[in-house]
Amino acid sequence: MFKRQSDRRQVEEIVRSQNRLPPGQSLTEKFPVLHYGPTPRVDLATWDLKLFGLVEEEIIWNWEAFNQLPRTKIKLDLHCVTRWSQFDMDWEGVSLGQLVREGFVAPKPEAKFVVQRCEYGYTTNTPIELVLQDNFLLATHYDGKPITPDHGYPLRGLIGSFADRSEPKTAYLWKGGKWLRGLEFCADDQPGFWEKAGYHNEADPWREERFSGGSWLGRF
Ligand SMILES: Nc1nc2c(c(=O)[nH]1)N[C@H]1C(S)=C(S)[C@@H](COP(=O)(O)O)O[C@H]1N2
Ligand SMILES: [Mo]
């Protein structure tokens with residue numbers, strides 16, 4: 001935590017000058033917990049992750065098989081639609097882009113979107129390009145430790161920005177599903193849980209795509 005409010009301001013000015021603070025966001029050192037509904041209790045003995053829909057072969061990995069996949073560590077800046085951003089966070093997990101490049105999963109050419117499917121039916125949708133970028137992670141660890149139950153244990157989708165913003169696209173944090181259980185590859189877009197509730201379909205923090213026009217949520 002920052003010892004003084006003025007320290008927070010100083011760091012915020014630094015990331016702003018580095019062009020890493022999207023419009024309307026402010027810096028936090030906390031990692032707030034935000035989701036709809038209760039935190040699921042997950043049993044690793046029965047847990048699995050299913051990759052299905054427009055893929056050459058459907059895949060179901062149990063926890064042991066998932067942990068044998070190639071792993072990566074990345075530093076990400078996260079941007080939450082509730083206006084906090086946090087910088088240089090250390091994440092570890094599996095890169096979907098790498099899995100595709102190395103032939104662990106083969107999306108069909110018609111696959112244009114991916115829906116993350118989570119415990120209790122939470123979904124969020126993205127164009128396939130976004131989740132194949134290096135700034136999207138199937139994340140198991142934050143700060144060297146397994147993700148806590150509230151943040152999505154044992155596996156969550158995670159999208160953020162690199163410090164140099166070298167990724168083509170990024171999105172607000174809600175485009176990462178906590179307690180992830182499935183990835184559905186689709187030809188057509190299907191708005192997810194918050195997208196149906198009025199959040200923006202693309203969710204680019206640099207364009208402040210928070211809410212879709214005309215929704216009741218947009219008035220808050
Ligand atoms: N399964 C699930 N994932 C979810 C959500 C949810 O309600 N259920 N909420 C999203 C929203 S709105 C946000 S802002 C982020 C918050 O992640 P955090 O709690 O780790 O900060 O999770 C996203 N992932
Ligand atoms: Mo959110």
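Residues numbered from 1 in each chain as written. Chains lettered and ligands numbered in written order. Predicted model: local features only at pLDDT ≥ 70, side-chain atom pairs only at ≥ 80, totals over all residues. Heavy atoms only, no water.

**Let's talk about the overall build of the protein chain**
Looking only at helices and strands, one finds five helices and eleven strands in the protein chain. Relative to the globule expectation of 17 Å for 220 residues, the C-alpha radius of gyration of the protein chain, 17 Å, shows essentially globular dimensions. Structurally, the protein chain occupies a C-alpha span of about 55 × 40 × 35 Å along its principal axes. Separation of charge centres in the protein chain, based on 28 positive and 31 negative side chains, amounts to 7 Å. (Helix = DSSP H or I, 4+ residues; strand = E, 2+ residues; numbered from the N terminus. Rg over C-alpha atoms; globule rule 2.2 N^0.38 Å. Lys, Arg positive; Asp, Glu negative; His and termini not counted. Charge placed at Lys NZ, Arg CZ, Asp CG, Glu CD.)

**Focus: the nonpolar core**
Formed by 34 residues in total, the largest nonpolar core has its most connected members in L51, F66 and L138. Mapped onto this core, the elements with two or more residues apiece are strand 2 (48–53), strand 3 (59–62), helix 2 (63–66), helix 3 (96–101), strand 6 (113–118), helix 4 (128–132), strand 8 (136–142) and strand 11 (180–186). The residues touching F66, leaving out its near neighbours within four places in the chain, are W47, L49, W61, V94, L138, T140 and L155. (Core = buried A, V, L, I, M, F, W, Y, C linked by side-chain atoms within 4.5 Å. Buried < 20%, exposed > 50% of the residue type's maximum accessible area, 1.4 Å probe, protein only. Contact = heavy atoms within 4.5 Å.)

**A look at the pairing of strand 10 (residues 156–159)**
Where burial is concerned, the two faces of strand 10 agree: the one with R156 and L158 and the one with G157 and I159 are both buried. As judged from the four bridges shared by strand 8 and strand 10, these two strands associate in the antiparallel manner. Its bridge partner being in strand 10, A139 is matched across the sheet by R156. (Pairing = 2+ DSSP bridges.)

**Brief notes about the site of ligand 1**
What surrounds ligand 1 is a group of 19 residues, the closest being P32, Y36, H151, R156 and K178. The protein chains hide 98% of the 530 Å² of surface that ligand 1 would expose on its own. The class makeup of the residues in the shell around ligand 1 is 13 nonpolar, four polar and two charged. (Near = heavy atom within 4 Å. Areas by Shrake-Rupley, 256 points an atom, 1.4 Å probe, with all protein chains shown as cover. Nonpolar A, V, L, I, M, F, W, Y, C, P; charged D, E, K, R; others polar.)

**Focus on the environment of K196**
Its location among the elements puts K196 in helix 5 (residues 193–196). Judged by its relative accessible area of 65%, K196 falls in the exposed class. When the C-alpha positions of K196 and T124 are compared, they lie 9.6 Å apart, and in sequence the two are 72 residues distant.

**Quick notes on the packing of aromatic side chains**
Summed over all chains, the structure comprises 15 aromatic pairs. Here Y36 and F193 contribute two aromatic rings whose centre-to-centre distance is 5.0 Å and whose plane-to-plane angle is 40°, an arrangement assigned as tilted. Of this pair, Y36 sits in the loop between strand 1 (26–27) and strand 2 while F193 is found in helix 5, placing the two residues 157 residues apart along the sequence. Since its relative accessible area comes to 61%, Y36 is described here as exposed. With centroids separated by 5.1 Å and ring planes inclined at 90°, the aromatic side chains of W47 and W63 adopt a geometry described as edge-to-face. (Phe/Tyr/Trp six-rings, centres within 6.5 Å; stacked < 30°, edge-to-face > 60°.)

**Description of unusual backbone geometry**
Cis geometry is adopted by the peptide bond preceding P154, which originates at Y153 and carries an omega value of 5°. Tracing the backbone shows P154 in the loop between strand 9 (145–146) and strand 10. With phi around 85°, R83 is a residue other than glycine that occupies positive phi space. The exposure class of R83 is partly exposed, given its relative accessible area of 41%. Positive phi is not limited to glycine here, since Y120 has a value of about 60°. Take Y120: it is sitting in the loop between strand 6 and strand 7 (123–127). Given the relative accessible area of 60%, Y120 is considered exposed.

**Brief notes about the pairing of strand 3**
One face of the sheet, then the other: side chains in a regular strand alternate in exactly this way. Burial of strand 3 is one-sided: the residues I59 and W61 facing one way are buried, the residues I60 and N62 facing the other way are not. Examined bridge by bridge, strand 2 and strand 3 share four bridges and lie antiparallel to one another. Looking at the pairing, K50 lines up with I60 of strand 3.

**Brief notes about the sheet that holds strand 3**
Within the open sheet, the five strands sit side by side as 3-2-11-6-7. Their pairing is mixed. In this open sheet, the two edge strands, each paired with only one partner strand, are strand 3 and strand 7. For this sheet, the mean inter-axis angle between neighbouring strands, taken without regard to orientation, is 15°. (Axes fitted to C-alpha atoms, helices over the stretch in contact; angles between N-to-C directions.)

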